[in-house]
Amino acid sequence: MASTQVLVLGLDPRTVPGYDPEPVVAKIEAGERRFVERGIAARHELLPYDEDPDVLAARIAEVLAAEPYACVVVGGGIRTDEARLAFFERVVDLVRRHAPQAAIAFNAGADDAADAAARWLPRS
């Protein structure tokens with residue numbers, strides 16, 4: 001089995017209080033299909049919105065240690081919520097420390113993580 005090239009970290013929209021997750025879930029699923037279409041092995045980690053940041057950080061560190069990813073895509077749910085700015089910084093630091101070989105990419109929407117990763121992966 002080929003190693004996973006890309007790790008996608010995002011918030012699970014089904015855990016955000018008062019939010020209709022279905023449109024975002026559909027985009028995430030479309031984004032997962034784009035990885036398959038491009039032949040890029042990817043792992044998606046959707047993190048619970050209301051989980052303790054220390055618990056989330058430990059989970060992210062564990063996932064980062066699982067494989068030598070070439071790229072980590074940090075989703076908008078993690079990086080665009082001003083109230084979670086400190087957590088976003090922590091995620092970037094976790095990637096830097098636990099996967100120093102990995103490029104860090106940012107997607108524009110829930111369905112284009114494959115495009116974000118492809119900007120950093122070697123062309124085949």
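That block above? That's the structure.
Along each chain, residues carry numbers from 1 onward, in the same order as the chain's sequence is written. The predicted nature of this model means local features are confined to residues of pLDDT at least 70 and side-chain atom pairs, given and counted, to a pLDDT of 80 or more, with totals for whole chains, interfaces and linings taken over all residues. As a convention, hydrogens and water are excluded, and side-chain values are obtained from all of the structure's heavy atoms.

Chemist: Describe the overall build of the chain, with residues and values.
Modeler: Per the secondary structure count, the chain includes five helices and four strands. Secondary structure follows DSSP: runs of H or I at least 4 residues long count as helices, runs of E at least 2 residues long count as strands, and numbering of each begins at the N terminus. What you see in the chain, going N to C, is helices and strands ordered as β-α-β-α-β-α-α-β-α. Each radius of gyration reported is based on C-alpha atoms, and the globular scaling rule is 2.2 Å times the count of residues to the power 0.38. Here the chain has a C-alpha radius of gyration of 14 Å; the compact-globule value for 124 residues is 14 Å, and the two agree. In the chain, once contacts between residues fewer than 6 apart in sequence are set aside, the share between residues at least 24 apart is 75%. Residue exposure ignores everything except the shown protein chains as possible cover, and the areas themselves are Shrake-Rupley values with a 1.4 Å probe. With an accessible surface of roughly 6,900 Å², the chain has 52% of that area assigned to carbon and sulfur atoms. Should any heavy atoms of two residues lie within 4.5 Å, those residues are considered in contact.

Chemist: Give a detailed account of helix α1 (residues 22-38), specifying residues and quantitative values.
Modeler: The end-to-end C-alpha separation of α1 is 25 Å, in line with the 24 Å expected for 17 residues at 1.5 Å each. Within α1 the residues assigned to the buried category are Val25, Ile28, Gly31 and Phe35. For α1, the angular spread of buried residues about the axis comes to 120°, placing them on one side. Every exposed residue of α1 that faces more than 90 degrees away from the buried side is listed here: Val36 and Glu37. Multiply 1.5 Å by the residue count of a helix minus one, and that product is the helix's expected span. Buried means the residue's accessible area, taken with a 1.4 Å probe over protein chains only, is under 20% of the maximum for its type, while exposed means over 50%, and partly exposed covers the values in between. Read the arc as the range of directions from the helix axis to the C-beta atoms.

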